[in-house]
Amino acid sequence: MGRHRAAIVGAGHTRFGALEAGPRSLLRSAVDGALGSVDRGVDRAPIREAFLATLGFGGWQIGNASAVLGEESGGAGVPTTRIENACASGGFALRAGVRAVHDAADGLVLVAGVEKMTDLTSPRRRYWLGVSGDTEWERLAGLTFAGVYGLIASAYAARHSTAREAMAEVARKNHENGTRNPNAHFRKRIARADVLAAPRVADPLGLYDCCPVSDGAAAVLLAPADRAREYTDTPVYVEAVGAASDRLAVQERPELARFPATERAAAEAFRDGDLRREEIGFLEVHDCFTIAELLALEDLGFAPPGGACDLTLSGATSPGGRLPVNPDGGLKAKGHPIGATGVSQAYEIFLQLRAAAGDRQLPGVETALAHNVGGAGATATVSLFRRG
Ligand code: COA
């Protein structure tokens, strides 16, 4: 990708949760927030291109992305592309935005994500969550999305004896982090014992091992790196974005408890970015289920196989630890409006690296990594960021 090709100069975010608003007004709020956050202000005209990440959950297709985002952002006439890569739509939209900045020259690129999910009945939600996985071998056979991750968690726990306790700690930590995020779906503390005692969703995963079904939107504005300071004194540079895909059906992969797409995306990001793992200040990882945070730590190369359990149980991934993970509450507590999630991770990184994250500010962080997964490891992006 090349060094410092793009910089985030503004970011906006709605609350995540069960919200009254429909997707268009959520999108408008996030985009308005991003435009309004640019320190030196921005005339809307300089937006040269836009990308909209959304799955269209429940049939909430908001129409032709170009027209809708143009109307809601005041950027009518701007070419816009909708990106749909399941739960990794936001990460892939960010990647497309970073590449498009090259052609934007004197302008900005808008990357937004939105999803409306909560107005469906439980069976319809299950149906729509399943569309991100394999249809022929998984969904039509009755396997739910939580069920796929339940199988992955079982395979992992069979090898690593402290896995169940570590998953409970992921939920406890991320719920604790969510209490400090005003945008989080859940702002409720739970104990590890609550996680272990919760009703089963897909064995061994219980209610608190799952991310919720949420509504919400997020947006970031990208500028060419060499012009970022025209907009703000504190841009956040996107060092690199790696991306990869894998077989869709998990049964066609050699191993359940490992996502090669994450490994490949991370290898690309660390190859292209001017950062080493030891230099990363904190991580935003795709913890759609608690097991996914453990896998992420290993697939991203921050722990050896099984080592994510000790790392998590040692407190290293808590805000005061040596490698904080998901200080905004992660998908687990902040919520997971599918198309918005990857963009929301960039929003959190923008705040943290500018020391603007309020009660949840991590001390002295200068670099970060975002990891966004589509389906159960079928697609993945890994992005590296550095404070300007
Ligand atoms: N974590 C914590 N609490 C949760 C929760 C979650 N993930 N999901 C729901 N709750 C709470 C609700 O707030 C509600 O609490 P209340 O009774 O105090 O109001 C209660 O549990 C019941 O909520 P409801 O919405 O009826 O739950 P549900 O049984 O329909 O759904 C799950 C629960 C776990 C099945 C659902 O959240 C889910 O499918 N999550 C996974 C989403 C997913 O797969 N996303 C894509 C991943 S990449």
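Refer to the structure above for everything that follows.
Note that this is a predicted model, so its numbers are computed, not measured. (Residues numbered from 1 in each chain as written. Predicted model: local features only at pLDDT ≥ 70, side-chain atom pairs only at ≥ 80, totals over all residues. Heavy atoms only, no water.)

Peer 1: Can you break down the overall build of the protein chain residue by residue, with the values?
Peer 2: Looking only at helices and strands, the protein chain has 13 helices and eleven strands in total. Here the protein chain has a C-alpha radius of gyration of 19 Å; the compact-globule value for 388 residues is 21 Å, and the two agree. Structurally, the protein chain occupies a C-alpha span of about 55 × 45 × 35 Å along its principal axes. Burial statistics for the protein chain: of 388 residues in total, 63% are counted as buried. Of the contacts made within the protein chain by residues no fewer than 6 positions apart, 78% connect residues no fewer than 24 positions apart. Looking at the protein chain as shown, the accessible area adds up to about 13600 Å², and 50% of this sits on carbon and sulfur atoms. Put simply, the protein chain has 42 plus and 45 minus side-chain charges, and the middle of one group is 2 Å from the middle of the other. (Helix = DSSP H or I, 4+ residues; strand = E, 2+ residues; numbered from the N terminus. Rg over C-alpha atoms; globule rule 2.2 N^0.38 Å. Buried < 20%, exposed > 50% of the residue type's maximum accessible area, 1.4 Å probe, protein only. Contact = heavy atoms within 4.5 Å. Areas by Shrake-Rupley, 256 points an atom, 1.4 Å probe, with all protein chains shown as cover. Lys, Arg positive; Asp, Glu negative; His and termini not counted. Charge placed at Lys NZ, Arg CZ, Asp CG, Glu CD.)

Peer 1: Run through the packing of helix α6 (residues 145-159) against helix α10 (residues 290-299), naming residues and quoting values.
Peer 2: Interhelical geometry of α6 versus α10 gives an angle of 60° and a closest axis separation of 10 Å. In terms of orientation, α6 and α10 fall into the oblique class. At the point where α6 passes α10, the crossing takes the left-handed sense. Each of Tyr149, Ile152, Ala153 and Tyr156 in α6 lies in contact with α10, whose residues at this interface are Ile291, Ala292, Leu294, Leu295 and Glu298. The residue makeup of the contact of α6 with α10, split by class, is eight nonpolar, no polar and one charged. (Axes fitted to C-alpha atoms, helices over the stretch in contact; angles between N-to-C directions. Parallel < 35°, antiparallel > 145°, perpendicular 65-115°, else oblique. Left-handed = near helix turned anticlockwise from the far one by under 90°. Nonpolar A, V, L, I, M, F, W, Y, C, P; charged D, E, K, R; others polar.)

Peer 1: Lay out the site of the ligand with the relevant residues and their values.
Peer 2: In the region of the ligand, 17 residues are neighbours, and Cys87, Ser122, Cys210, Cys211 and Lys332 sit closest. Here Ser122 contributes a side-chain N or O atom positioned 3.1 Å from an oxygen atom of the ligand. Here Cys210 contributes a backbone N or O atom positioned 2.7 Å from a nitrogen atom of the ligand. Protein contact buries 61% of the 920 Å² of open area that the ligand shows by itself. With three residues, helix α4 (residues 122-130) is the largest single contributor of residues to the shell around the ligand. (Near = heavy atom within 4 Å. Polar contact = N/O pair within 3.5 Å; in protein donor to acceptor, adjacent residues only side chain to side chain.)

Peer 1: Describe in detail unusual backbone geometry, supporting the description with residues and values.
Peer 2: Leaving glycine aside, a negative phi is the common case for residues, and trans is the common case for peptide bonds. With an omega of 5°, the peptide bond between Asp203 and Pro204 qualifies as cis. Summarising the element assignment, Pro204 is placed in the loop between β5 (200-202) and β6 (205-206). For Ala86, which is not glycine, the phi dihedral falls at a positive 55°. Take Ala86: it is sitting in the loop between β3 (80-83) and α3 (89-104). For Ala86, a relative accessible area of 10% corresponds to the buried category. Although it is not a glycine, Ala355 adopts a positive phi angle of roughly 55°. Positionally, Ala355 belongs in the loop between α13 (338-353) and β10 (367-374).

Peer 1: Run through helix α2 (residues 65-73), naming residues and quoting values.
Peer 2: For α2, the complete set of buried residues consists of Ala65, Val68, Leu69, Gly70, Glu72 and Ser73. As for α2, its buried residues are in contact with α1 (23-36), β2 (47-53), β3 and β4 (108-115).

Peer 1: Go over the pattern of salt bridges, please, and point to the residues and values.
Peer 2: Two side chains of opposite charge can pair, provided their charged atoms sit close to one another. One pass over the full model with this rule turns up 23 salt bridges. A salt bridge links Arg247 to Glu252, with the shortest nitrogen-to-oxygen separation between them at 2.6 Å. Classification of Arg247 as partly exposed rests on a relative accessible area of 47%. Since its relative accessible area comes to 37%, Glu252 is described here as partly exposed. In this structure, Arg276 engages Glu279 in a salt bridge whose closest nitrogen and oxygen atoms are separated by 3.7 Å. For Arg276, a relative accessible area of 48% translates into the label partly exposed. Because the salt bridges share partners, they merge into one network encompassing Arg159, Glu255, Arg258 and Glu263. (Salt bridge = Lys/Arg side-chain N within 4 Å of Asp/Glu carboxyl O.)

So far we have only geometry, and geometry alone does not tell us how the molecule works.
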